[in-house]
Amino acid sequence: MRSGLAILGVSALLLCGFRIKSGEKDYEDFKPHMRAVYSSLVTIFPLTLNTKNFTSKDNSKAIQDNLNLIAQHAKEINTLAAKDEKGHAYLSLQLERNARQAALKYKDGMHDQAHFFLEEVYDTCLSCHTSRSSSADSAFTMDLTGNLNMEAMGTFGKARFLALSRQFDRALDEYERILKGRELSLEELLHFDPLADYLVLAVRVKGDATRPLATFAELLKRPLPGPVKHDLEAWQKTLKQVKARPKKQSDLQFARSLIKDVNRDRQGLVNYIFASKYLKDHLKKVNLSAADKAETYYQLGICELSIGESLLSGESGMYLEESIRLAPKAPFARRAYELYEESVTLGYTGSSGIHLPPEEKARLDELRKLVF
């Protein structure tokens, strides 16, 4: 077990995550679920920090009861969040599925699988909280952190939890403390890949292109592997070059210009993070045409594929699928399908070949017929 962060992820999401677009009443309806999970977290958190406690029969009833509670309230969250935009709705569905599986697997005595699905819940929560350019903190979560031993969460656990709980400034401070500190090993830098998470927080969530420059300058004073050094230098260059959106350009037009002719690799990461910020802002506008939405989702799909897997939980596929359904005959629809098919196929490819579930094959066939 990594550190019990999966349950932290569930709880942080429930405590402060979904801001339902349709009105304050819906958010008020959501509050009881936040409070219920807060109570559950205080009970279960200490039992998740090591395998012995997590698998002990003495703790099984408390853990199972709380996993059931999380699954129950995740289902309610999914119902409420279904009213929100596609990306948010998709993540809430993933949350419900993974929370349900965690509870079921634990009930069946499959503790490793239960922990896997809890980690999936955590990643989904983090993806949700860093997918938007909003930096509002939560009084619920600020209260929550006072009850947790965040120092027990591992090297980057505290930083990721702070981000997950929408304490973005504190999360950036913690990332910078670790990245600038001398105790960070090269192995940790390469294995955990904190730089992508840090950039998403600084650039997309906080809209700050200058803050990472000082961090990268400090890192570049050290001996680094060639690929890491090249990434940092490329990101520095982009951060210095990116300017505010011209008034005459829409968010979509500006995002399109940011990623035009940029390779989908590590060195283009900053461009794609910036573009995703403006694309998500564009989707908030009212009265967008289907064609406008379709291209925005298409560009978002490309961005999320390029940013990487650590924060996304499959969001890219949802965006590409939605772009095809909205405008199957648009100039970009075939490319959207190709990227979608590639990502789905790779996800079900192993040493023994490709094993597409029937529902995925049916979805691919349906989308193919729409496009071709």
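For clarity, every value in this text was computed on a predicted model and none was experimentally measured.

The rules behind each value
- Residues numbered from 1 in each chain as written.
- Predicted model: local features only at pLDDT ≥ 70, side-chain atom pairs only at ≥ 80, totals over all residues.
- Heavy atoms only, no water.
- Helix = DSSP H or I, 4+ residues; strand = E, 2+ residues; numbered from the N terminus.
- Contact = heavy atoms within 4.5 Å.
- Areas by Shrake-Rupley, 256 points an atom, 1.4 Å probe, with all protein chains shown as cover.
- Salt bridge = Lys/Arg side-chain N within 4 Å of Asp/Glu carboxyl O.
- Expected span 1.5 Å × (residues − 1).
- Buried < 20%, exposed > 50% of the residue type's maximum accessible area, 1.4 Å probe, protein only.
- Core = buried A, V, L, I, M, F, W, Y, C linked by side-chain atoms within 4.5 Å.
- Phe/Tyr/Trp six-rings, centres within 6.5 Å; stacked < 30°, edge-to-face > 60°.

Draft legend 1. Summary view of the overall build of the protein. Counting its secondary structure elements, the protein contains 19 helices and 2 strands. Sequence-distant contacts in the protein: of pairs separated by 6 or more residues, those separated by 24 or more amount to 67%. For the protein, the accessible area works out to roughly 17000 Å², and carbon and sulfur atoms hold 51% of it.

Draft legend 2. Representation of the pattern of salt bridges. For the structure on display, the rule yields 22 salt bridges. One salt bridge in this structure joins Arg 256 and Glu 295, with 2.8 Å as the shortest N-O distance. On the criterion of sequence distance, the pair formed by Arg 256 in helix H14 (residues 251-259) and Glu 295 in helix H16 (residues 290-307) is long-range, its members being 39 residues apart. Ionic pairing is found between Asp 281 and Lys 284, a salt bridge with its closest N-O pair at 3.6 Å.

Draft legend 3. Region of the structure containing helix H9 (residues 168-180). Relative to the 18 Å expected for 13 residues at 1.5 Å per residue, H9 spans 18 Å between its end C-alpha atoms, a close match to the ideal helical length. Those residues of H9 not exposed but buried are Phe 168, Ala 171, Leu 172, Glu 174, Tyr 175, Glu 176, Ile 178 and Leu 179.

Draft legend 4. Seen up close, the nonpolar core. Grouped together as the largest cluster of nonpolar side chains are 71 residues, with contacts concentrated most on Phe 216 and Phe 274. What Phe 274 contacts, discounting residues up to four positions off in sequence, is Val 203, Ala 209, Leu 239, Val 242 and Leu 258. With 15 residues, the next largest nonpolar core counts Ile 70, Ala 74, Leu 95 and Ala 102 among its residues.

Draft legend 5. Representation of the packing of aromatic side chains in the model. All told, the structure shown has 7 aromatic pairs when counted by the stated rule. Judged by centre distance (6.3 Å) and plane angle (70°), the ring pair of Tyr 198 and Phe 216 falls under edge-to-face. Here Tyr 198 is found in helix H11 (residues 194-205), whereas its partner Phe 216 is found in helix H12 (residues 211-219), with 18 residues between them in sequence. Comparing Tyr 198 with Phe 216, the two get one shared label, buried.

Draft legend 6. Just the side chain of Glu 176, in detail. Mapped onto the elements, Glu 176 comes out in helix H9. Setting aside residues no more than four positions away along its own chain, Glu 176 makes contact with Gly 181, Tyr 198, Arg 211 and Thr 215.

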